[in-house]
Amino acid sequence: MSRTLRAAGLVIFRRVSNKVEYLLLQTSYGEHHWTPPKGHVDPGESDIQTAWRETEEEAGLKESDLQLQEYSKTLHYDVKGVPKTVIYWLAELVKCTPVKLSSEHQDYKWLTLTDACDIVQYKDMQELLQDCSKFLNAK
Ligand SMILES: Nc1ncnc2c1ncn2[C@@H]1O[C@H](COP(=O)(O)OP(=O)(O)OP(=O)(O)OP(=O)(O)OC[C@H]2O[C@@H](n3cnc4c(N)ncnc43)[C@H](O)[C@@H]2O)[C@@H](O)[C@H]1O
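In this report, we go over the structure that sits alongside the text. All values derive from a computational prediction rather than experimental measurement.

1. Concerning the overall build of the protein chain
Here comes step 1: Summing up its helical and strand segments, the protein chain has three helices and seven strands in all.
Here comes step 2: A compact globule built from 139 residues would reach a C-alpha radius of gyration of about 14 Å, and the protein chain, at 14 Å, matches this within 12%.
Here comes step 3: Each principal axis of the C-alpha distribution contributes one length, and for the protein chain these read about 50 × 30 × 30 Å.
Here comes step 4: Counting over 139 residues, the protein chain shows a buried share of 43%.
Here comes step 5: The contacts in the protein chain between residues at least 6 apart in sequence include a share of 68% that link residues at least 24 apart.
Here comes step 6: With the model as given, the accessible surface of the protein chain reaches about 7,700 Å², and the carbon-plus-sulfur share is 49%.
Here comes step 7: Here the protein chain contributes 17 positively and 21 negatively charged side chains, and the mean placements of these two sets differ by 2 Å.

Okay, structure coming up:
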């Protein structure tokens, strides 16, 4: 039977003096790669429930801190030969709640689009951030 890993998360942005900044978290394990908050979909959970839960667990930000935007995109890549699907929604941080990391991450940064694209090493993640930016510019 073929397996697919499924995960969900939120591309979170904030507006600082008319500048948009994206939140990226750096894993405390593996290659220490940077991604938005996200994680595996638990049995019985919907994708969006996973996205909210993982965001709270990994970044300390609750649904009430964020405003969901009408944008989502799904990434597909392989992890150790197993296909993985990650759906991301876009959400704005609308409160001054500070980010609080779990032990899964060792650092976080709020970055402009250019700096965020520099730090994420994967092309599909760079394209996702660029798409988010286009969506926000068109609003
Ligand atoms: N190496 C490790 N050592 C110790 N504990 C570990 C571990 N890897 C995972 N864990 C544990 O697994 C748990 C993760 O659970 P969750 O928190 O539920 O799941 P996740 O964010 O989807 O996990 P992960 O970091 O593995 O996923 P990603 O797709 O970004 O990354 C998975 C792989 O895909 C690569 N990748 C990420 N984004 C990609 C993209 N856009 N395109 C191609 N490859 C990508 C990454 O570089 C990485 O190699 C953590 O609690 C952690 O403790």
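2. A look at the pattern of salt bridges
Here comes step 1: Following the criterion strictly, the structure yields 10 salt bridges and no others.
Here comes step 2: One salt bridge in this structure joins Arg53 and Glu57, with 3.3 Å as the shortest N-O distance. Separated by four residues within a single helix, Arg53 and Glu57 lie in helix α1 (residues 47-59), roughly one turn from each other.
Here comes step 3: The salt bridge partner of Lys73 is Asp131, with a shortest N-O separation of 2.9 Å. With Lys73 in strand β5 (residues 66-79) and Asp131 in helix α3 (residues 123-138), this pair connects stretches of sequence that are 58 residues apart.
Here comes step 4: By relative accessible area, which is 26% here, Asp131 ends up partly exposed.
Here comes step 5: Three or more residues are tied together by salt bridges with common partners; here these are Asp42, Glu45, Arg53, Glu54 and Glu57.

3. Observations concerning the side chain of Thr55
Here comes step 1: Mapping Thr55 onto the fold places it in helix α1.
Here comes step 2: Within the structure, Thr55 has its side chain in polar contact with the backbone oxygen of Ala51 (distance 2.7 Å).
Here comes step 3: Beyond its immediate sequence surroundings of up to four residues, Thr55 is in contact with Leu10, Ile12, Pro37, Gly60, Leu61 and Leu66.

4. With respect to α1
Here comes step 1: Taking 1.5 Å as the rise per residue, α1 with 13 residues should run 18 Å; its terminal C-alpha atoms sit 18 Å apart, in good agreement.
Here comes step 2: Those residues of α1 lying buried are Asp47, Thr50, Ala51, Trp52, Glu54, Thr55, Glu58 and Ala59.
Here comes step 3: As for α1, its buried residues are in contact with β1 (5-16), β2 (19-27), β4 (38-40), β5, β6 (82-93) and β7 (105-111).
Here comes step 4: Backbone geometry just downstream of α1 places Gly60 in the positive-phi region, at approximately 70°.

Rules used in this analysis
- Residues numbered from 1 in each chain as written.
- Predicted model: local features only at pLDDT ≥ 70, side-chain atom pairs only at ≥ 80, totals over all residues.
- Heavy atoms only, no water.
- Helix = DSSP H or I, 4+ residues; strand = E, 2+ residues; numbered from the N terminus.
- Rg over C-alpha atoms; globule rule 2.2 N^0.38 Å.
- Buried < 20%, exposed > 50% of the residue type's maximum accessible area, 1.4 Å probe, protein only.
- Contact = heavy atoms within 4.5 Å.
- Areas by Shrake-Rupley, 256 points an atom, 1.4 Å probe, with all protein chains shown as cover.
- Lys, Arg positive; Asp, Glu negative; His and termini not counted.
- Charge placed at Lys NZ, Arg CZ, Asp CG, Glu CD.
- Salt bridge = Lys/Arg side-chain N within 4 Å of Asp/Glu carboxyl O.
- Polar contact = N/O pair within 3.5 Å; in protein donor to acceptor, adjacent residues only side chain to side chain.
- Expected span 1.5 Å × (residues − 1).

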